[in-house]
Amino acid sequence: MQLSDKKATLSFSDGSAPIEFPVYKGTVGPDVIDIRKLYGQTDMFTYDPGFLSTAACESGITYIDGDKGELLYRGYPIDQLAQSCDFLDICYLILNGELPDGNQKQEFDSLVTNHTMVHEQLRIFLQGFRRDAHPMAVLTGLVGALSAFYHDSTDITNPHHRHVSAIRLIAKMPTLVAMAYKHSQGQPFIYPKNDLSYTGNFLRMMFATPCEDYKVNEVVERALDRIFILHADHEQNASTSTVRLCGSSGTNPFAAIAAGVACLWGPAHGGANEACLQMLEELQANGGIEKVGEFMEKVKDKNSGVRLMGFGHRVYKNYDPRAKLMQETCKEVLAALGLENDPLFKLAMELERIALEDPYFVQRKLYPNVDFYSGIVQRAIGIPTSLFTAIFALARTVGWIAQWNEMLSDPDYKIGRPRQLYTGQQSREVPSKR
Ligand code: SDX
């Protein structure tokens, strides 16, 4: 980061001496006021619950311009990447900073492909879960359990160990998600097959059975690969910040990523895709498009506790570029599968149309986010609703591990330890007679 010639001065109304803070500039986007010395100089903290105005780190991986609705992975616009690359190209880019050339791609793809199997004992570990456990509960457990199997790559000070862990996590997440699904179905696990693409292999592990050959549907493979690309990374969102904070204690990468999986599960974050589809199905069952107006009134009534899931974003105050690409993917997949009259898609489009004209949404700059259409596409290609967030976690693993690695590669990184404004009891004596 580059020191700006601008300075920030903090002055106090009680006449105490003003304090000056340096301002740093990035490549693009908001500058930052470096307040690291604030507490030492003023005995005061800043106060920013929810981190609406706080940059917790410096990063060169992903840039979001919320006003423009722009998303760049290592400088490349998401729409160009989604059109020209596959998910493993994006994994290479996010991890290494550049798109792979021919040889690099071949080597990287082969490395990932040859790490897709998991330790055979994880099959027994899975037996401990109820068949009807939520896939995210299972996935949180499985990813955390990887710490118990891969002691040979948990020295976080060793860049090679960090690289091996990154490859293992990217490679094994599809296998773990598919195992969680098969466990819920009471079907046998399907081993990875190395002559398939990353996404084709995942589809086969999900939907093949030992009873017949499985042919990967190319339309579905391409759509799911694009869904992975759109979910790969997103700057310092809640789950990525969780991975950074968890990793800052020096814990092993599998434990840090398991923390990210747990955080992503929440309906305000990655769980919104499942919640959004449930919202659409409920609306469809209770009258569909005719009832949209009534539903929207509920959404606008603060006391109803009803939110338009898949809408709104902390950073995007314009259209989430991923939502646009997801809508296009939706149209392509539904047409290719002969489902262009999918009632849920029509319902979602109507909700979007009304919301984008309604002052409540316009004033609050609420637009569709990545989760609004992703559930419809996933449902169309046969992914069960309860697995949507696990698919999000599968794709986001590369972002989490790249951000974790970026933090640990900085020799000056410290353990994260926020402070508080204490509003509890003053010090007091325990009553003698208890
Ligand atoms: C993801 O951070 C990331 O980058 C996340 C993510 C990623 O890739 O990692 O992009 C993935 O998590 C996308 C977001 C998925 N969540 C949802 O779709 C759930 C529904 N949306 C929200 O609950 C909400 O919009 C958030 C959580 C996404 C953002 O919340 P903020 O920034 O804290 O905004 P807020 O709750 O303060 O809302 C501002 C106003 C409020 O109204 P007022 O108090 O000003 O009157 O907008 C209203 C909110 O009530 N509002 C909504 C709404 N979202 C915000 N009203 C109705 N429906 C909604 N969806």
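The structure this text deals with has already been given above.
Residues numbered from 1 in each chain as written. Predicted model: local features only at pLDDT ≥ 70, side-chain atom pairs only at ≥ 80, totals over all residues. Heavy atoms only, no water.

Now for the site of the ligand. Within the structure, the ligand sits among 24 residues, and His234, Arg307, His313, Arg314 and Arg322 are positioned closest to it. At a separation of 2.6 Å, an oxygen atom of the ligand approaches a polar side-chain atom of His234. Contact distances for the ligand include 2.9 Å between an oxygen atom and a side-chain N or O atom of Asn369. Out of a free accessible area of 1000 Å², the ligand has 76% covered by protein chains. (Near = heavy atom within 4 Å. Polar contact = N/O pair within 3.5 Å; in protein donor to acceptor, adjacent residues only side chain to side chain. Areas by Shrake-Rupley, 256 points an atom, 1.4 Å probe, with all protein chains shown as cover.)

Turning to helix α18 (residues 388-408), a few remarks are in order. With 21 residues, α18 extends 30 Å from end C-alpha to end C-alpha; this agrees with the ideal 30 Å at 1.5 Å per step. Considering bend angle alone, the principal kink of α18 is centred on Arg396 and spans about 45 degrees. Within α18, 19 of the 21 residues are buried, leaving the element largely enclosed by the surrounding structure. (Helix = DSSP H or I, 4+ residues; strand = E, 2+ residues; numbered from the N terminus. Expected span 1.5 Å × (residues − 1). Bend = angle between axes of the 7 residues up to and from the residue. Buried < 20%, exposed > 50% of the residue type's maximum accessible area, 1.4 Å probe, protein only.)

So, on to the sheet that holds strand β4 (residues 62-65). The sheet built from three strands is open, its strands ordered β4-β5-β6 with antiparallel pairing. In this open sheet, the two strands that pair with only one neighbour each are β4 and β6 (76-77). (Pairing = 2+ DSSP bridges.)

All right, on to the packing of aromatic side chains then. Counted under the stated rule, the structure contains 15 aromatic pairs. A ring pair is formed by Phe311 and Phe372, whose centres lie 5.1 Å apart and whose planes are at 85 degrees; its orientation type is edge-to-face. Note that Phe311 is positioned in the loop between α13 (292-300) and α14 (321-336) and Phe372 in helix α17 (residues 371-380), a separation of 61 residues in sequence. Phe311 sits in the buried class, given a relative accessible area of 11%. Taken together, the ring pairs in this structure connect Phe311, Phe345, Tyr360, Phe361, Phe372 and Tyr373 into an aromatic cluster. (Phe/Tyr/Trp six-rings, centres within 6.5 Å; stacked < 30°, edge-to-face > 60°.)

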